[in-house]
Each structure stands twice: as C-alpha cells, then as structure tokens.
Amino acid sequence: RYFMIKYQKIFLNDKEIEKAINNELIRQQDRIELIASENYVSEDVLKAAGSILTNKYGEGYPHKRYYGGCENVDVIEELAIERLKKLFNVKYANVQPYSGSVANAAAIASLIPKNGKILGMSLSSGGHLSHGYKISFSGYFYQTYFYDVDKNGILDYDQILELAKKIKPDLIICGASAYSRIIDFKKFKEIADQVGAKLMADIAHIAGLVATKLHPSPFEYCDVVTSTTHKTLRGARGGIIMTNNSEVAQKVDRWVFPGYQGGPLFHQIAAKAVAFKEALDPSFAIYQEQIIKNAKAFCNEFKLANIEIVSGTTDNHLFMINVKKSFNLTGKEATEILERANITVNKNAIPNDLESPQITSGIRLGTPAMTTRGFKEEEFKTLA
C-alpha cells in the first residue's frame, strides 16, 4: 500500500483486451518486481508511447523520408537524438532500433562482414543471445566463440586475451545481461587492439549507471555502443546505437534502415525522447545511486544468511543466486515458489550450469523497478 504505481485502468470497446490489460495493471501493482530488465515508466513516457504518432509512417531519417507529412516526427526524432547524445556525451546516435537485439544486429553488421568471427560472453556466464548464441541471428550469420568468467564468477582479462589470440576475432563484444561486477572496457580495448579486432559494448543493463557516471563509460574505447532504453534507463522499450566514429555512424544508419528495419515506430521514439529528458534531470542520478545502494543492501542480506551469490557480490543493479547449491532447487522451481508469494524474478543460467536453459540453477534479482516504486535499503533487507 505504500508503493503503488499511479497508472489508471483503461476502457475499450474490446472487452477481452481491456480485461487482460487491466489485469496486467493489477499484477504490476500487486507484485514485487525483481526482474532486472524491467522498470516502471513515467506517465509522460506512457502517454507518448500511446499517442497518435502510432498512425504515422516515415521510412528514412529526418528530412530524408520516403513519405510526406513528416515535419512533426522529424522534430521528435531529432530531439531524441540530441538528448541521447547529450546524455552519453557522444557524437552520433541512432534512436530507431525496435529492440536491443535489432540494435545489436545492425551494429555488428556495420563493423564486420557476414561470416566474420565474433568473440562474445557465453550465455551461462552472463552474456546475451544476440552476442553469438547459436539460435540467434548472431550465431547463424557469423562464426561465434565465447569467453567465460573464472571459477569465482569474475571476468579474467588475461584468459580472454589468450583466447582472443587463438581465435583472432573480427569483433569482440563486451557487456552482459547477467553480470554483477564492473566491466573494464579499457582492458577489453587493449585486448581488441592486440588481436586487431573491432570492439562493441552492449550496455543495455547498465545504461542508466553509465549515463550518471556510476559505471565506467565504454565510449572512449569502443567502435560502437548499443543499449536498450528500458531497464535502468527507465524509458519505453526499444533500442539505440551510439558511436563517436562518423564512418561507423553512416554504416549503422544504413544497417538500421533499410538493412534491418522499415518505418520507425514514432510513438516509441517520442517515448524514448521523453525518457532521455527525464534522465538528464539531476534527480535521475540520485535514482541510479539508490539502485546501487539497494542492490548492495539486498545482496549483503543474502550473504549474511550464507546464500551463494554468483560472482561474490554486486557492483551494479543486479546479482544472481545459486539456488541449486543454496536450497537444492532449480531456478524454475525457485521462480514458481516466489511467484506464489507475489515476487516476480526470472530463472537464469549460472556459470558451468548443468541444468538446461529452461530449468537453470540460478535466479537473477534486480533493483531498478522497486527502486522506482520507492524501496530503499531497509525495504530490500526485509524483502531478502
């Protein structure tokens, strides 16, 4: 009752859809949301995403559209670009990607040819499907290889260097979807330079922390940087691509449209623009600081109870629990048990996981969503 979200019920002529949406509102209000890739957007972001901009089509880029009537959406896209560039202090940005995976697809294609070699973080160590996993486009169109965390769940840059020397990749991808420690982009750059590889960072999870200088920035070291706009950025769902290299920027634009996409989703771009403006406000940095404080307090409470934390602790907004070792439960079982207690988490593979990706031995816990709802350290300690 202390941490309600302010969204309103909707009313539609289509009562079946109305019921499902309003039931989802109730679910979001009643559950404690710990999925690290989810958050609660502001009412302004929600309004922009649900606006009449969904009616407008406009393939191409501002002032270079294939359709007429784009004078207003040109303003919106340009505002989104300029705000994003200011937020991350970067020279070039593309705000059109429909998702993080599409952003990654376009970014990879802008750096290396089809069938080029990619060295990315393995899924079980905390990487993402789009970093080279066999069932993803990245594993289908490219030769893919993987680095892992060490026995302590930490990135070993010397091991990654030795692996890179053997593989000679065209591209190294750094960034993760389930890694709780600081990523050293400078060391990744040194590795890439030694083997003649391009370097790409996927900061989808830590974008809010990077924007507020609570995590080292990749922009000085990477050829291209991708991200989603939800998660710690607390915006509408979608992707973005950024770079300081004009030649790479031109290739990125070409691969987003017409390479991987058609007409931009202007309602989503408007919602992204609103979120970027919110992220430029000083209050956003305070929010990001609280995310980290909460994650550390949450994690430490489990450690006090001798619960196995993957990678030992957290430096960011998330961490994983080895529930197999701690409770003799699979990640799937733990997730279902917590669901019955109105606590939403996701099962997650852990390093050297013997369970399948549909079962797993771990769960991933994140603090951005409940920090948005007002939780501070004491609430997270109680929750743990």
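Residues numbered from 1 in each chain as written. Predicted model: local features only at pLDDT ≥ 70, side-chain atom pairs only at ≥ 80, totals over all residues. Heavy atoms only, no water.

Chemist: Now, about the overall build of the chain: what can you tell me, with residues and values included?
Modeler: Each helix and strand counted, the chain has 15 helices and 14 strands in total. Relative to the compact-globule value of 21 Å for 384 residues, the chain shows a C-alpha radius of gyration of 21 Å, a close match. Here the C-alpha coordinates of the chain stretch approximately 60 × 60 × 40 Å along the principal axes. Counting only residues that meet the buried cut, the chain has 53% of its 384 residues in that class. Sequence separation of at least 24 residues holds for 70% of the intrachain contacts in the chain that already meet a minimum separation of 6. Here the chain displays about 17,800 Å² of accessible surface, and carbon together with sulfur accounts for 51% of that area. (Helix = DSSP H or I, 4+ residues; strand = E, 2+ residues; numbered from the N terminus. Rg over C-alpha atoms; globule rule 2.2 N^0.38 Å. Buried < 20%, exposed > 50% of the residue type's maximum accessible area, 1.4 Å probe, protein only. Contact = heavy atoms within 4.5 Å. Areas by Shrake-Rupley, 256 points an atom, 1.4 Å probe, with all protein chains shown as cover.)

Chemist: Explain the sheet that holds strand β14 (residues 362-366) to me, and be specific about the residues and the numbers.
Modeler: Across the sheet, which stays open at both edges, the three strands sit in the order β11-β14-β13 with antiparallel pairing between neighbours. Of all strands in the sheet, those bounded by a partner on one side alone are β11 (318-322) and β13 (346-348). Sheet twist, expressed as the average angle between the axes of neighbouring strands with direction ignored, equals 40°. Strand direction decides the pairing type here: β13 and β14, joined by three bridges, are antiparallel. Bridging from a neighbouring strand, N348 pairs with G362 of β14. Sheet strands touched by helix α11 (residues 282-304): β11 and β14. Its angle to β11, the strand with the most contacts, is close to 15°. Against the sheet, helix α13 (residues 331-340) makes contact with β13 and β14, and its axis sits at roughly 50° relative to β14, the strand it touches most. (Pairing = 2+ DSSP bridges. Axes fitted to C-alpha atoms, helices over the stretch in contact; angles between N-to-C directions.)

Chemist: Could you give an account of the packing of helix α3 (residues 71-88) against helix α10 (residues 266-279), with specific residues and numbers?
Modeler: Two numbers describe how α3 lies on α10: the axes approach to 9 Å, and their chain directions differ by 35°. Crossing hand, α3 versus α10: left-handed. In contact with V73, I76, E77, A80, R83, L84 and L87 of α3, α10 contributes F266, I269, A270, A273, V274, F276, K277 and A279. Grouping the constituent residues of the contact of α3 with α10 by class yields 12 nonpolar, no polar and three charged. (Left-handed = near helix turned anticlockwise from the far one by under 90°. Nonpolar A, V, L, I, M, F, W, Y, C, P; charged D, E, K, R; others polar.)

Chemist: Describe the packing of helix α6 (residues 157-167) against helix α7 (residues 185-195), with residues and values.
Modeler: If you want to describe how two helices pack, look at the angle between their axes and the distance between the axes. At their nearest, the axes of α6 and α7 sit 10 Å apart, and the two run at 20° to each other. In terms of their interaxial angle, α6 and α7 are classed as roughly parallel. For the pair α6 and α7, the sense of crossing is right-handed. Here Y157, I160, L161, A164 and K165 of α6 come into contact with α7, specifically with K187, F188, I191, Q194 and V195. The residue inventory of the contact of α6 with α7, partitioned by class, reads seven nonpolar, one polar and two charged. (Parallel < 35°, antiparallel > 145°, perpendicular 65-115°, else oblique.)

Chemist: Tell me about the packing of aromatic side chains, and please be specific about residues and values.
Modeler: All told, the structure shown has 13 aromatic pairs when counted by the stated rule. Ring geometry for Y57 and Y67: centres 5.0 Å apart, planes at 65°, overall edge-to-face. Of this pair, Y57 sits in the loop between α2 (43-49) and β2 (60-61) while Y67 is found in the loop between β3 (64-65) and α3, placing the two residues 10 residues apart along the sequence. For Y67, a relative accessible area of 39% corresponds to the partly exposed category. Here F88 and F219 contribute two aromatic rings whose centre-to-centre distance is 5.7 Å and whose plane-to-plane angle is 50°, an arrangement assigned as tilted. (Phe/Tyr/Trp six-rings, centres within 6.5 Å; stacked < 30°, edge-to-face > 60°.)

Chemist: Would you mind going over the sheet that holds strand β5 (residues 117-121) in detail, with residue names and values included?
Modeler: The strand order β4-β10-β9-β8-β7-β5-β6 describes an open sheet built from seven strands, whose pairing is mixed. The sheet terminates laterally at β4 (92-94) and β6 (143-147), the two strands that pair on one side only. The average undirected angle you get between the axes of adjacent strands in this sheet is 20°. As paired strands, strand β7 (residues 171-174) and strand β8 (residues 198-202) are joined by four bridges and run parallel to one another.

Chemist: A description of the side chain of S311 should follow, citing residues and the corresponding values.
Modeler: As for its placement among the helices and strands, S311 is situated in the loop between α11 and β11. On the basis of relative accessibility, which here comes to 8%, the residue S311 falls in the buried class. From its side chain, S311 meets the backbone oxygen of G153 in a polar contact 2.5 Å long. Ignoring sequence-local partners within four residues, the contact set of S311 consists of N152, G153, I154, Y179, S180 and R181. (Polar contact = N/O pair within 3.5 Å; in protein donor to acceptor, adjacent residues only side chain to side chain.)

Chemist: Give me a nonpolar patch on the surface: which residues, what numbers.
Modeler: A surface patch of nonpolar side chains, about 370 Å² in accessible area, is lined by Y57, Y66 and Y67. Mapped onto the fold, Y66 is located in the loop between β3 and α3. (Patch = residues over 30% accessible without salt bridge, like charges linked within 9 Å, V, L, I, M, F, W, Y side chains within 5 Å. Salt bridge = Lys/Arg side-chain N within 4 Å of Asp/Glu carboxyl O.)

Chemist: With reference to specific residues and values, describe the nonpolar core.
Modeler: Residues F88, L155, I172, F188, I203 and M242 are the most contacted members of the largest nonpolar core, which totals 69 residues. With eight residues, the single largest contributor to this core is α10. Membership of the second largest hydrophobic core comes to 21 residues, among which are I118, Y142, L171 and V248. (Core = buried A, V, L, I, M, F, W, Y, C linked by side-chain atoms within 4.5 Å.)

Chemist: Describe in detail α6, supporting the description with residues and values.
Modeler: What α6 keeps buried is the set Y157, I160, L161, A164 and I167. Projected down its long axis, α6 shows its buried positions confined to an angular sector of 135°, all on one face. Away from the buried face of α6 by more than 90 degrees, exposed residues D158 and K166 are located. Of the surrounding secondary structure, the elements contacted by the buried residues of α6 are β5, β6, β7 and α7. Between the side-chain oxygen at the start of α6 and the backbone nitrogen of D158 there is a gap of 3.1 Å, and the oxygen is on D156. (Arc of directions from axis to C-beta.)

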